[in-house]
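As a plain string of letters, each chain reads:
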Amino acid sequence: EKFRPICSAVDKLDKLAWAEVKAEMVEEKGLSAEVADKIGSFVLFNGQPQELWERLTADAVFGDHSLAAAAMADLKTLFAYLAAM
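One structure accompanies this document, and this report is about it. (Residues numbered from 1 in each chain as written. Predicted model: local features only at pLDDT ≥ 70, side-chain atom pairs only at ≥ 80, totals over all residues. Heavy atoms only, no water.)

**Describing the pattern of salt bridges**
Spelled out, the test is: Salt-bridge detection follows one rule: a side-chain nitrogen of Lys or Arg within 4 Å of a carboxyl oxygen of Asp or Glu. A run of DSSP states H or I qualifies as a helix once it reaches four residues; a run of E qualifies as a strand once it reaches two. Both are numbered from the N-terminal end. Only protein chains enter the accessibility calculation, which uses a 1.4 Å probe; a residue is then buried when its area is under 20% of its type maximum, exposed when over 50%, and partly exposed in between.
Taken as a whole and assessed by the stated rule, the structure comprises five salt bridges. The shortest N-O distance in the salt bridge between Asp-37 and Lys-22 comes to 2.7 Å. One end of the pair, Asp-37, is in helix 3 (residues 33-43); the other, Lys-22, is in helix 2 (residues 18-28), with 15 residues separating them in the sequence. On the basis of relative accessible area, Asp-37 is assigned to the partly exposed category, the value being 39%. Judged by its relative accessible area of 22%, Lys-22 is partly exposed. Between Glu-24 and Lys-29 there is a salt bridge; the shortest N-O distance is 3.4 Å.

Okay, here's the thing in structure tokens:
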């Protein structure tokens, strides 16, 4: 129920600072500050896609979630194919 409103807030990061976007998510959209911070840890990361993959893998961000593990494995394969090109 909060997915679209939160995506709408995150979409404003090209125009607003993170503090403003977080405030909107928490104060206007009713998201907890902890969840907003977790979202921030994803959307504020800058770097190459493989760097993000390495960070997410090293930090075990997705725990033992099987679908996330499968997606991360697919990304690893994609990166290998791209590197071979």
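**Focus on the packing of helix 4 (residues 49-58) against helix 5 (residues 66-84)**
Any two packed helices are characterised by how steeply their axes cross, that is the angle between the axes, and by the distance between the axes. Note the cut-off: Interaxial angle, 0 to 180 degrees, is taken between N-to-C directions of lines fitted to C-alpha atoms, where a helix line uses only the stretch in contact. The crossing is said to be left-handed when, going from far helix to near helix, the turn is anticlockwise and less than a right angle, and right-handed when the turn is clockwise. A contact between two residues is defined here by any heavy atoms of the two lying within 4.5 Å. The nonpolar class holds Ala, Val, Leu, Ile, Met, Phe, Trp, Tyr, Cys and Pro. Asp, Glu, Lys and Arg form the charged class, and all remaining residues, Gly among them, are polar.
Taken N-terminus to C-terminus, the directions of helix 4 and helix 5 make an angle of 145 degrees; their axes are 11 Å apart at the nearest point. When the axes of helix 4 and helix 5 are compared, the crossing they make is left-handed. Contacts between helix 4 and helix 5 pair Pro-49, Gln-50, Trp-53, Leu-56 and Thr-57 from the former with Met-72, Leu-75, Lys-76 and Phe-79 from the latter. Of the residues that constitute the contact of helix 4 with helix 5, the class distribution is six nonpolar, two polar and one charged.

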